[in-house]
Structures are given as structure tokens and as C-alpha cells.
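Examination of the molecular architecture
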Amino acid sequence: MKKILVANRGEIAIRVMRTAKRMGIKTVAVYSTADRNALHVKYADEAVLIGEAPSNQSYLLGDKIIEVAKRLNVDAIHPGYGFLSENANFAELVEANNITFIGPRSAAIKIMGSKLAAKEAVKAYNIPMVPGTDNAITDVTKAKDRAQDIGFPILIKASAGGGGKGMRVVEKVNELESQMQRAISEATSAFGDGSVFIEKYISSPRHIEIQVMADAHGNVIHLFERECSIQRRHQKIIEEAPSTVLTPQLRQEMGEAAINVAKSCDYLGAGTVEFLLDDDHKFYFLEMNTRLQVEHPVTELITGMDLVELQIRVARGETLPITQNDLKIKGHALELRVYAEDPTNNFLPSVGTLDMYKLPIGKGIRVDNGFEEGMGIPIYYDPMLSKLITYGKTRDEAIELMLKAINDYKIEGIQTTLAFGRFVFEHEGFRSGHFDTHFVKNHYSPEALKEKQKEEVKIAALIAVKQYIEDQKLLKLPNQ
Ligand code: ADP
């Protein structure tokens, strides 16, 4: 494998290229007209303009990307996350053109892309599952009966859903029919597939996922868990590894379950098996994501592994260079997704130019970044600027480092989620380790953030006054 095309943009494109370069592999970027000056274009050895700004005219054009790959004699395509990464047809087309797809085979992508097909596939492996329906629900009466059996509240979910979309909580039986109709029409328009099903609504769960890695020779390992319970609108915003609640035994059980999920679909490469953990520390399989996750760096920091390197090596047909017993958790890592969004205004995207953009640096601080000073934030794509990641010997150390890094991260021109991150990392509920997926809903409000900021300004002013007085005293000393 001499040349890799990265079919993505932003921080993840750069992240993948960084490892490829280290491994002596040439890199090709593709970009849209909105990304002419983007960092991933500058970072790559070669870069090709593939279309207009909207992603369906550029980053989602599988045929065009394959055409570019062939023209430039590319050996493999890395899809990153989002865009074409979980598109089974694209993976198949890449392979049909004699190019290696750095990811699982298309059959596995297809199975795990449907939450219902995934549940069906793992059935034979005794994986604990959230009580619910096995098939898409179409009959309201049957759905009501099943919901009564499970007990309200229940959740209606889109089988093809992703990114927290297409989910509806139903509290009472008389709301079921209308919510079901709404969920079906939402799923049809968002995913082109109206299949919805019912799951028990776990009232205060934690979202814990296991990183797996499989080679083409039957070896599957897990690289422990990531805690992703700090979410808003069912979307992750802060992640950490390890989780504060897993015992070694539970970790082993969840790890084994995740390996079995990977085996159920003959998995290849990096994947993530997501679970919910309830109050009694029982875990339930949610779904499998068949790609590198946004939050993969926390796993890299606590295991010392480069997940992109492992992806490339198994895609080249190599045997995994490590076994389960070689892996140990060392230290603690945290990640904050830095979005161009205004946390004081309902997290609305904040458009504008990065008038100032200075990254924090230092031991234990990693920033997977896709932007630089002077750049605008394109409105066409996910508004994530970077991922701020810290690593310490202990969780407390990683949190302190995170607070320092947030302070040192200087952004002007747009609003970001940095202040929101500070709010969470300083919050007793987070620091204690006792929280669930409702943390943001229960503890965060723009008012609470503003109040906190006001107090911080006051404290800063007091410190400045104190310093001033002390400086004055020093100045007067010679006369005394
Ligand atoms: P998506 O594919 O849209 O990301 P997931 O099934 O991965 O959907 O769920 C996303 C989030 O939604 C979970 O992390 C959790 O917060 C919430 N969730 C999903 N299923 C349940 C459930 N049965 N009970 C409670 N919360 C749930």
C-alpha cells in the first residue's frame, strides 16, 4: 500500500494522513469548493477538487472519488467517519475497482447499518439486549400490546437511524399511535427507510461502548471501553476512557460481548459496539458502528495504540500485531468536541471567521484539529472545529489538564463549546463520576453557564485588584 486517498475533510482527514505519512504511505485529499483553503488539502501530498460545497455534490460522490483514486493510482481509500464511511455500496464499489477499502467488508456494514438486522445477527451469541420488538412495527394494536408488556415509557427508534435522530420517547399508551406515525414519517424522510421498532426506555442509563479490532485471519480483540454519557440530543459531546463505573469483571464481560458482536458479522478492521448500562450495572447491546469513531483518541491514549495504523495493517492483510493479553489500561483520557456552536443560545451553529485561533500545547494535551486562524466555518458540514484531548495518570489529573487547555485555547470571531466544556469539567456531578445520559438536561442551562462566567469575571477582577495592591506595596517598599 503506497498511496491512500482519504475520502473526508477536517480533523479526521488530517488525523488519518498523519499516520499514513508516518508509515511512509503517500496521501491524497479530495475537497469541495468550500474547502479550497482547508488544512487537509494543504497537508496531503496531492489534492483533487471533486465538486461544489454541498456534500451531495462532493464528499458523497462515491463514483467521482473512485475515479480520482484510479487516475492517481491510489491503492486504498480511508473513508474517515460520516460521509461514505458506512455506505455498503461504496465499500463494495471500491473493492470492485481493485482498491482496498480501509474498513469492514460491505456485508458487515449492511447488517450493522440496520439496528434490526444487527439484533437479528447477534441473537445466536447470547448478547444481552434491551427488551423490545424484533421486527419493524406496522400494526398499531400489536405495537400497543408489546409496549404494555414491556412497560412504559418506551422508545420508538428508526432501524436505519443514526446521530441520535429518529427517536421518540412514549410515556403513555394513548400517545403511541401518533408518535409511531410521526417516527415512521421522520425515518422515511431522513433515512429513506421508514422501519421503526420499540425498545424499553432505560430511565437513567450510561452509554458505554467497546472498541474492537479484527484482522482477516479470525483474530478479534477489544481495546476496552469509552464512556460517552455526556450527550445532548442523544449526541456525544464529551468522552472518556476508562469509565468510572466498570469493574474489571464487567469490563471483561462487555469486552467479550463486543468481540462476539464483531464475530457475528465476520467483522474486519476497527469497529465500536455500543451498550447501555442501567442502574443495576446490567448492560444491553445498542448497535455497532462500522468505522473509526470521532472519540477514538481516548482509546489510543490509554492503550498506547494507533488505531489508524492498526486499520491500515489489517486492511493490508496483516495479522494483528497484538493479542488481548498485550493490552493494558494506563492512565486516563478525556475528550471534548469543540464545535462552532453557541452554548448560550441553544447550541445554534455559530457562523463567522476565526479571527483568532490558537491551540493549547503541552504534555498530555492533544488537539485533533481541522482549522487555522483566518479561516471561515463552512455552513455545509458538521460544525466541529477540533477535538481537545487530555491525558493524565489519573482522572483528576486529566480533568485539571483539560481546564488548563480550555483556558489556553484562544478562539475569537465565533462562539464555541469550550465554555460548555469548562462548565461540565468543573461540575461536581461530572467530577464525582456519578452521572448518566441526562447530565446535560439535568445540570446545564445557558443561565447556569452565564452565572458561572459572571462569577469567574468577578474572581478574575478580585485577583487583579489584589495583585495591584501587592504591586503598589512593593513599589512603596524603598521609601519605607
Ligand atoms: P443513534 O444510532 O442515533 O446514535 P443509538 O441507538 O446509538 O442511536 O442511541 C443514541 C443514544 O440514545 C444513546 O447513547 C442513549 O443516550 C439514547 N438511547 C438509545 N436507546 C435507548 C434506550 N432504549 N433507553 C434509553 N436511552 C436510549
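Since the structure is predicted, the reported quantities are computational estimates derived from the model, not experimental observations.

As a structural note, the neighbourhood of the ligand is formed by 22 residues, with Lys115, Gly164, His207, Gln231 and Glu287 the closest of them. Separating a nitrogen atom of the ligand from a side-chain N or O atom of Glu199 is a distance of 2.9 Å. A distance of 2.9 Å separates a nitrogen atom of the ligand from a polar atom in the backbone of Lys200. Burial of the ligand by the protein amounts to 96% of the accessible area it has alone, namely 560 Å². Listing elements by their share of the shell around the ligand, those giving two or more residues are strand S6 (154-158), strand S8 (196-200), strand S12 (269-277) and strand S13 (283-289). Looking at the shell around the ligand residue by residue, the class counts come to 7 nonpolar, 8 polar and 7 charged.

Okay, a nonpolar patch on the surface next. Taken together, Val351, Ile379 and Tyr380 make up a surface patch of nonpolar side chains, about 330 Å² in accessible area. Within the fold, Val351 resides in the loop between strand S16 (348-349) and strand S17 (356-358).

Take the pattern of salt bridges next. Tallied over the full model, the rule gives 41 salt bridges. Between Arg168 and Glu186 there is a salt bridge whose closest N-O contact spans 2.6 Å. Of this pair, Arg168 sits in strand S7 (residues 167-170) while Glu186 sits in helix H8 (residues 176-191), and the two are 18 residues apart along the sequence. Look at Glu186 and you get partly exposed, because its relative accessible area is 30%.

In a regular helix each residue adds 1.5 Å, so 14 residues correspond to 20 Å; helix H12 (residues 395-408) covers 20 Å between its end C-alpha atoms and thus fits that length. The set of residues buried in H12 consists of Arg395, Ala398, Ile399, Leu401, Met402, Leu403, Ala405 and Ile406. Those residues of H12 hidden inside the fold are in contact with strand S11 (235-241), strand S14 (332-339), strand S18 (365-369), strand S19 (384-392), helix H13 (418-426) and helix H14 (428-431).

Spatial ordering of the open sheet is given by S13-S12-S9-S10-S11-S14-S19-S18, a layout of 8 strands whose pairing is antiparallel. Every interior strand has two partners, whereas the edge strands, S13 and S18, have only one. When the angles between neighbouring strand axes are averaged without regard to direction, this sheet yields 25 degrees. Two strands pair when backbone bridges link them, and S12 and S13 are joined in this way by 6 bridges, in the antiparallel orientation. Bridge pairing links Leu276 to Tyr284 in S13. Across the sheet, helix H10 (residues 296-303) is in contact with strand S9 (206-214), strand S10 (220-232), S11, S14, S18 and S19; its angle to S19 comes to roughly 20 degrees. Each of S11, S14, S18 and S19 touches H12; the most contacted strand, S19, lies at about 140 degrees to it.

Counted by the stated rule, this structure contains 15 aromatic pairs. When the ring of Phe275 is compared with that of Phe283, the centres are 5.3 Å apart and the planes differ by 85 degrees; the resulting orientation is edge-to-face. The class of Phe283 is buried, set by a relative accessible area of 9%. A ring pair is formed by Phe425 and Phe430, whose centres lie 5.4 Å apart and whose planes are at 85 degrees; its orientation type is edge-to-face. On the basis of relative accessibility, which here comes to 0%, the residue Phe425 falls in the buried class.

The volume enclosed by the second largest pocket comes to roughly 320 Å³. If you go around the second largest pocket, you meet 15 residues; those closest to its centre are Thr416, Leu418, Ala419, Arg422 and Gln453. Of all the secondary-structure elements, those providing two or more residues to the lining of the second largest pocket are H12, strand S20 (410-412) and H13. Ranked by residue count, the leading element in the lining of the second largest pocket is H13, at 3 residues.

Pairing is antiparallel in the open sheet, where 3 strands are placed in the order S7-S6-S8. Edge positions in the sheet fall to S7 and S8, since each of these pairs with one other strand and no more. On average, each strand axis in the sheet is tilted by 25 degrees relative to the strand beside it, whichever way the strands run. Bridge count between S6 and S8: 5 bridges; the pairing is antiparallel. Bridge pairing in S8 places Leu155 opposite Glu199.

The next subject is the nonpolar core. By size, the foremost hydrophobic cluster in this structure holds 69 residues, and its most contacted members are Ile230, Leu385, Leu388, Ile411, Phe425 and Phe430. Element by element, the count of residues in this core is highest for H12, at 7 residues. With residues near it in sequence (within four places) discarded, Phe430 still touches Ile230, Ile238, Glu240, Leu334, Arg395, Ile399, Val424, Phe425, Phe435 and Phe439.

With that settled, the discussion passes to the environment of Arg395. With respect to the helices and strands, Arg395 occurs in helix H12. Along the backbone, Arg395 and Tyr267 are 128 residues apart, and their C-alpha atoms lie at a distance of 32 Å. Here Phe430 takes part through its backbone oxygen, which lies 3.0 Å from a polar atom of the side chain of Arg395. Of the polar contacts made by the side chain of Arg395, one reaches the backbone oxygen of Arg431; its length is 3.0 Å.

The next subject is the side chain of Asp278. Checked against the element boundaries, Asp278 lands in the loop between S12 and S13. Polar side-chain contacts of Asp278 include one of 2.9 Å to the backbone nitrogen of Asp280. Residues within four places of Asp278 in sequence aside, it is in contact with Ile202 and Tyr284.

The contact between helix H1 (residues 10-22) and helix H11 (residues 307-315) brings their axes to 9 Å, and the two run at 65 degrees. Pair H1 / H11 crosses with right-handed handedness. Contacts from Arg15, Val16, Thr19, Ala20 and Arg22 in H1 reach Leu307, Val308, Glu309 and Ile312 in H11. For the contact of H1 with H11, a count of residues per class yields 5 nonpolar, 1 polar and 3 charged.

Turning to H1, a few remarks are in order. Each full turn of the α-helix corresponds to 3.6 residues, which orients residues three or four apart in the same direction. If you check H1, its first and last C-alpha atoms are 19 Å apart, about what 13 residues at 1.5 Å a residue would give, namely 18 Å. In terms of burial, H1 is a largely internal element, 10 of the 13 residues being buried. Following H1 by one or two positions, Gly24 adopts a phi angle in the positive range, close to 80 degrees.

Conventions and cut-offs
Residues numbered from 1 in each chain as written. Predicted model: local features only at pLDDT ≥ 70, side-chain atom pairs only at ≥ 80, totals over all residues. Heavy atoms only, no water. Near = heavy atom within 4 Å. Polar contact = N/O pair within 3.5 Å; in protein donor to acceptor, adjacent residues only side chain to side chain. Areas by Shrake-Rupley, 256 points an atom, 1.4 Å probe, with all protein chains shown as cover. Helix = DSSP H or I, 4+ residues; strand = E, 2+ residues; numbered from the N terminus. Nonpolar A, V, L, I, M, F, W, Y, C, P; charged D, E, K, R; others polar. Patch = residues over 30% accessible without salt bridge, like charges linked within 9 Å, V, L, I, M, F, W, Y side chains within 5 Å. Salt bridge = Lys/Arg side-chain N within 4 Å of Asp/Glu carboxyl O. Buried < 20%, exposed > 50% of the residue type's maximum accessible area, 1.4 Å probe, protein only. Expected span 1.5 Å × (residues − 1). Contact = heavy atoms within 4.5 Å. Pairing = 2+ DSSP bridges. Axes fitted to C-alpha atoms, helices over the stretch in contact; angles between N-to-C directions. Phe/Tyr/Trp six-rings, centres within 6.5 Å; stacked < 30°, edge-to-face > 60°. 1 Å grid on protein atoms, 1.4 Å probe; cavity = no way out; pocket = protein on both sides within 12 Å on 5 of 7 lines; lining within 4 Å. Points joined across faces, edges and corners; volume = space filled by probe spheres on them. Core = buried A, V, L, I, M, F, W, Y, C linked by side-chain atoms within 4.5 Å. Left-handed = near helix turned anticlockwise from the far one by under 90°.

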